[in-house]
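Observations on chain architecture
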Amino acid sequence: MEPSFDWKRTFEQLAPQLVLYARQLVDSKSDAEDVVQMAFVRWWRRFPEGDNNHIPLLYAAVRTIALDQRRSDNRRLNREAKSDIAVAGENAPSFDPQPGQQEIAEIVQQALQALPQEQREVVTLKLWGDLTFNEIAAMTGESINTIAGRYRYALQAMQRKLAPLKADLLGETSPSAPNILPFSSPQEALP
């Protein structure tokens, strides 16, 4: 008898990446966590036997649920604004920095948030979601060239924005301070 799919372990491994991705699409971390839970339930109902080959579908479910929730929230906010009720959104960071790197995390978060939504989505899926350009293209319905271009332009924009701050953030005075991004140039990050 073949062992059953380990849903708990799969959730523990994928949930942090999925929450980060969902956080780019919704207003708060708690909303992102709810989106991820709903996506996992949807995935479990569709594939109760589990299959790691369907993980890109899980990202697609997160995207769909998050966009639906954002539209719903926008409609609710419009209704409440018309009735003079103000609702403030939660401003929690999208990802949790390690101790001592809070300032760097905030600056990188601001650079990420400054990107157009389409570029931010591709960067999040590629770097933190660990999806391939092919998987991202299939999920979003865009061509692989469009996805690769968005990724390249996003990395270039972030590199331009963060390059002047590198030495200060890393506490170095030398112009040869190491790059705070996980690659030395945007071209290196492309496969």
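Further up the page is the structure itself.
For the structure given in this document, a descriptive report is provided here. (Residues numbered from 1 in each chain as written. Predicted model: local features only at pLDDT ≥ 70, side-chain atom pairs only at ≥ 80, totals over all residues. Heavy atoms only, no water.)

Here we come to the overall build of the protein chain. A count of helices and strands for the protein chain gives 9 helices and 0 strands. Each helix and strand of the protein chain, ordered N terminal to C terminal, gives the series α-α-α-α-α-α-α-α-α. Residue pairs at least 24 apart in sequence account for 61% of intrachain contacts in the protein chain once pairs closer than 6 positions are excluded. (Helix = DSSP H or I, 4+ residues; strand = E, 2+ residues; numbered from the N terminus. Contact = heavy atoms within 4.5 Å.)

With 17 residues, helix α1 (residues 7–23) ought to run about 24 Å at 1.5 Å a step, and its terminal C-alpha atoms sit 22 Å apart, in line with that. Roughly 40 degrees is the biggest bend found in α1, and it falls at Leu14, with proline Pro16 one to four residues downstream. For α1, the set of buried residues is Trp7, Thr10, Leu14, Ala15, Leu18, Val19, Leu20, Tyr21, Ala22 and Arg23. (Expected span 1.5 Å × (residues − 1). Bend = angle between axes of the 7 residues up to and from the residue. Buried < 20%, exposed > 50% of the residue type's maximum accessible area, 1.4 Å probe, protein only.)

This part is about the side chain of Asp31. With respect to the element layout, Asp31 can be found in helix α2 (residues 29–46). For Asp31, the contacting residues outside a window of four places in its chain are Val26, Gln69 and Asp73.

Once that is clear, we can look at the packing of α1 against α2. α2 packs onto α1 with a crossing angle of 135 degrees between their chain directions and a minimal axis gap of 9 Å. Relative to α2, the element α1 lies oblique. Where α1 crosses over α2, the handedness of that crossing is right-handed. Within the contact between the two elements, α1 uses Trp7, Thr10, Phe11, Leu14, Ala15, Leu18, Val19, Ala22 and Arg23 and α2 uses Lys29, Ala32, Glu33, Val35, Val36, Phe40, Trp43 and Trp44. Tallied by class, residues from the contact of α1 with α2 come to 13 nonpolar, 1 polar and 3 charged. (Axes fitted to C-alpha atoms, helices over the stretch in contact; angles between N-to-C directions. Parallel < 35°, antiparallel > 145°, perpendicular 65-115°, else oblique. Left-handed = near helix turned anticlockwise from the far one by under 90°. Nonpolar A, V, L, I, M, F, W, Y, C, P; charged D, E, K, R; others polar.)

Turning our attention to the pattern of salt bridges. Opposite charge on two side chains allows them to pair when their charged atoms are near. What the rule picks out here adds up to 3 salt bridges. Between Glu121 and Arg63 there is a salt bridge, with its nearest N and O atoms 2.4 Å apart. Of this pair, Glu121 sits in helix α5 (residues 117–128) while Arg63 sits in helix α3 (residues 55–82), and the two are 58 residues apart along the sequence. The partner of Arg71 in a salt bridge is Asp68, and the shortest N-O contact between them spans 2.4 Å. Here Arg71 and its partner Asp68 are both found in helix α3, 3 residues apart, which amounts to about one turn of the helix. When its relative accessible area of 45% is taken as the criterion, Arg71 is described as partly exposed. (Salt bridge = Lys/Arg side-chain N within 4 Å of Asp/Glu carboxyl O.)

Our focus in this paragraph is the nonpolar core. What tends to happen in soluble globular proteins is that the nonpolar side chains get buried as a cluster. Counting residues in hydrophobic clusters, the biggest one holds 46 residues, and the most contacted among them are Leu18, Phe40, Trp43 and Tyr59. For this core, the secondary-structure elements that each account for two or more residues are α1, α2, α3, α4 (102–114), α5, α6 (133–140) and α7 (144–162). Here the element with the most residues in this core is α3; it accounts for 8 residues. Ignoring sequence-local partners within four residues, the contact set of Trp43 consists of Phe5, Trp7, Thr10, Asp51, His54, Ile55 and Leu58. (Core = buried A, V, L, I, M, F, W, Y, C linked by side-chain atoms within 4.5 Å.)

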